[in-house]
Amino acid sequence: MQVFARRRKVKFTMIDKLLGWLSPHMCEGCKEVGETLCKRCNFYILEHKWCKCVGCQHQITTPELTKTGNLCFGCSQILPFNKVFVVGARTGILRRLVGNYKYFSRRESSKAIAKLLENILPENLPNLVIVPLPTISKRIRERGFDHMKLVAHELARLRGWPCDLALLRRTDNVSQHSANLRQRQQQAAKAFTINPRRPVPPHILLIDDIYTTGATTTTAAKLLKKHGAQEVYLGIVARQVSQSK
């Protein structure tokens, strides 16, 4: 299976290079030819980093930012994350980057997204095992790949951390794209299971692309802690913005 996975990775890398030569990538922000996110637009996103709580969307104080990241002290008592790190709001360039990657299979964007996550992670974090939130099988078949596994693999390479792409398993096949809060919570409650063949590491960085209600990431983090994880950090690419905040 490992040999097959390596061959498949090499195959997709060659295909991506060939497509990049035949039809050069364009920046999602300024449409400059070369990369899916140019240096200028990458800098713009990081300059407009999310500086609010991932839960309540209220402004984060300096003590909170130091201790719990994008998580206020109030929400840290409710949510099962030790620290949270968010790249930015789901608007503008970041919205296009994540949306085209997630919904239009722009596979090459995985590297740009992983680089954004790597840039917002503090240097003083403990050695973490990166665990992506698994995608439902229907979406994997549509895209031809699990988009968050690609990001996790690239982030692990950039940070020099291990990643476990098979620790969490998806047990449902229901998309939450149009579900309301209550539906998301009900779906998330039975969406995941732990792979019994994989030991649960003590320190985990759980990553996902979009945080809306937090139902799926909260459920996954609680499950990981139930099975032995001591700390679960959360890395989010884009926070869905509530108009009421």
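Keep in mind that this is a model prediction, so the values were computed, not measured.

Observations concerning the nonpolar core
Then step 1. Leu 37, Leu 94, Ile 130, Val 151, Leu 155, Leu 205 and Ile 207 are the most contacted members of the largest nonpolar core, which totals 35 residues.
Then step 2. Among the elements of the structure, helix H2 (39-47), strand S1 (83-89), helix H5 (92-103), helix H6 (109-120), helix H8 (147-159), strand S5 (203-211) and strand S6 (231-239) are those that each provide at least two residues to this core.
Then step 3. When residues in this core are grouped by element, the largest group, six residues, is from H6.
Then step 4. If we skip the residues at most four places from it in the chain, Ile 130 touches Ala 152, Leu 155, Ala 156, Trp 161, Pro 162, Cys 163, Asp 164, Leu 205 and Ile 207.
Then step 5. Counting 33 residues, the second-largest nonpolar core is a separate cluster that includes Cys 56, Ala 191, Leu 223 and Leu 234.

Focus on the packing of aromatic side chains
Two measures describe an aromatic ring pair: the distance that separates the ring centres and the angle between the ring planes.
Then step 1. Per the stated rule, a full pass over the model turns up one aromatic pair.
Then step 2. Cation over ring: Arg 107 sits above Phe 145, and NZ or CZ is 5.1 Å from the ring centre.
Then step 3. Above the plane of the ring of Trp 161 lies Arg 159, whose end atom (NZ or CZ) is 5.1 Å from the centre.

Digging into the confidence of the model for the protein chain
Then step 1. Per-residue pLDDT for the protein chain averages 87, and the proportion of residues at 70 or more is 82%.
Then step 2. Contacts of residues 1-12 to residues separated by more than four positions or lying in other chains number four contacts, the stretch itself having pLDDT below 50.

The rules behind the values
Residues numbered from 1 in each chain as written. Predicted model: local features only at pLDDT ≥ 70, side-chain atom pairs only at ≥ 80, totals over all residues. Heavy atoms only, no water. Core = buried A, V, L, I, M, F, W, Y, C linked by side-chain atoms within 4.5 Å. Buried < 20%, exposed > 50% of the residue type's maximum accessible area, 1.4 Å probe, protein only. Helix = DSSP H or I, 4+ residues; strand = E, 2+ residues; numbered from the N terminus. Contact = heavy atoms within 4.5 Å. Phe/Tyr/Trp six-rings, centres within 6.5 Å; stacked < 30°, edge-to-face > 60°. Lys NZ or Arg CZ within 6 Å of the ring centre and 35° of its normal. pLDDT = per-residue confidence, 0-100.

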